[in-house]
Amino acid sequence: MRLTSRSWPADRRLPASAYRRLEPAALGWRRVASRRACTPASQHRRSTMAQDAIALLEADHQRVEGLFREFKSAGGDPAAKLHLAQIICMELTLHAMVEEEIFYPAFATAVGDEQLVEHARKEHQRVKELIARVPQAENLDGAIEAIWRNALEHIEEERRDIFTKAKASGMELATLGGRIQSRRAEVATTVQEA
Ligand SMILES: [Fe+2]
Ligand SMILES: [Fe+2]
């Protein structure tokens, strides 16, 4: 199984070099996946238009959902599954980072609902703990399934509770979207230079 450009929306992608660097190193993986190119260089054009923060975060959710489906359908190709598992973990890690650094604080200020944010942070922490166990997991399918169950539950709550309130609050979603895009680009640059 190959990852194709259709798996990755063209405007929501880190440079391929960032993925290559992030995969094992940033997550502390001991096993190294086969070096498949997940995206051709020509596909890495980044939109210069700031996008709505919720649209960006929701695109992350949908991309990760697609990756989980791809993982499940990878069947008996261990190298492809390991590679996909690493990308799933990396995507979830980056997604949680921009939410915790940028979106959640802005939401708490605008909406004044610290409890929702605290609950979401706890759910992120649970997923991070599951991600940390993946490199040592004897059963990769089970480890990824556990991450997916927890992540999906969190995503559904986030959509229902946080995004709905955020949209109604008049938050500066375009400004926040620009900050999220900048932070992602900054992480990619840092990783490339490491
Ligand atoms: Fe979240
Ligand atoms: Fe999210």
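In this text, all values refer to a predicted model and were calculated from it rather than measured experimentally.

A. View of the overall build of the chain. Along the backbone of the chain there are six helices and zero strands. Starting at the N terminus and walking to the C terminus, you meet the elements of the chain as α-α-α-α-α-α. Going through the 194 residues of the chain one by one, you find that 30% of them count as buried. A separation threshold of at least 6 residues defines the contact pool for the chain, and within that pool the share at least 24 residues apart is 81%.

B. Region of the structure containing the environment of Glu157. With respect to the helices and strands, the residue Glu157 is situated in helix α5 (residues 140-169). With 15 C-beta atoms counted inside 10 Å, the residue Glu157 sits in the partly exposed group. C-alpha separation for the pair Glu157 and His119, spaced 38 residues apart in sequence, amounts to 10.0 Å.

C. Geometry of the confidence of the model for the chain. For the chain, the mean per-residue pLDDT works out to 81, and 71% of the residues sit at or above 70. Looking across the chain, the model is least confident in helix α1 (residues 16-25), with a mean pLDDT of 49, and most confident in helix α4 (residues 114-133), with 97. A low-confidence stretch, residues 1-15 stays under pLDDT 50, and its non-local contacts, those more than four residues away or across chains, total 30 contacts. Per-residue pLDDT stays below 50 along residues 30-48; that stretch engages in 35 contacts with residues further than four places along the chain or on separate chains.

D. Quick peek at the packing of helix α3 (residues 78-111) against α4. Interaxial distance between α3 and α4 falls to 11 Å at its minimum, and their mutual angle equals 165°. Here α4 runs roughly antiparallel to α3, going by the angle between their axes. α4 is crossed by α3, and the crossing has left-handed handedness. Along its contact with α3, which presents Cys89, Leu92, Thr93, Ala96, Glu100, Tyr104, Phe107 and Ala108, the element α4 presents Glu114, Val117, Ala120, Arg121, His124, Val127, Lys128 and Ile131. Of the residues assigned to the contact of α3 with α4, the class counts are 10 nonpolar, two polar and four charged.

E. Structural detail: α3. At Glu100, α3 shows its largest bend, some 45°. Within two residues after α3, Gly112 carries a phi angle of roughly 75°, on the positive side.

F. Inspection of the packing of helix α2 (residues 53-73) against α5 at higher detail. Their axes nearest at 11 Å, the elements α2 and α5 cross at an angle of 160°. On the basis of their axis angle, the class for α2 and α5 is roughly antiparallel. Here α2 and α5 pass one another in a crossing that is left-handed. Residues Ile54, His61, Val64, Phe68 and Phe71 of α2 form the contact with α5, whose own contacting residues are Ile144, Trp148, Ala151, Ile155, Phe163, Ala166 and Lys167.

G. α4, seen in detail. Relative to the 28 Å expected for 20 residues at 1.5 Å per residue, α4 spans 29 Å between its end C-alpha atoms, a close match to the ideal helical length. Listing the buried residues of α4 in full gives Ala120, His124, Val127, Leu130 and Ile131. An end-on view of α4 places all buried positions within 115° of arc, on one side of the element. Residues Glu114, Gln115, Glu118, Lys122, Gln125, Glu129, Ala132 and Arg133 are exposed on α4 and point more than 90 degrees away from its buried face.

H. The nonpolar core, seen in detail. With 22 residues, the main nonpolar core has Ala85, Ile88 and Leu92 as its most contacted residues. For this core, the secondary-structure elements that each account for two or more residues are α2, α3, α4 and α5. It is α3 that provides the largest number of residues to this core, a total of 10 residues. If we skip the residues at most four places from it in the chain, Ile88 touches Val64, Leu67, Phe68, Phe71 and Ile144. If you look at the next biggest cluster of nonpolar residues, it comprises 15 residues, including Ile54, Phe103, Ile162 and Leu173.

Definitions and cut-offs
- Residues numbered from 1 in each chain as written.
- Chains lettered and ligands numbered in written order.
- Predicted model: local features only at pLDDT ≥ 70, side-chain atom pairs only at ≥ 80, totals over all residues.
- Helix = DSSP H or I, 4+ residues; strand = E, 2+ residues; numbered from the N terminus.
- Buried ≥ 20, exposed ≤ 12 C-beta atoms within 10 Å, placed from the backbone.
- Contact = placed C-beta atoms within 7 Å.
- pLDDT = per-residue confidence, 0-100.
- Axes fitted to C-alpha atoms, helices over the stretch in contact; angles between N-to-C directions.
- Parallel < 35°, antiparallel > 145°, perpendicular 65-115°, else oblique.
- Left-handed = near helix turned anticlockwise from the far one by under 90°.
- Nonpolar A, V, L, I, M, F, W, Y, C, P; charged D, E, K, R; others polar.
- Bend = angle between axes of the 7 residues up to and from the residue.
- Expected span 1.5 Å × (residues − 1).
- Arc of directions from axis to C-beta.
- Core = buried A, V, L, I, M, F, W, Y, C linked by C-beta atoms within 7 Å.

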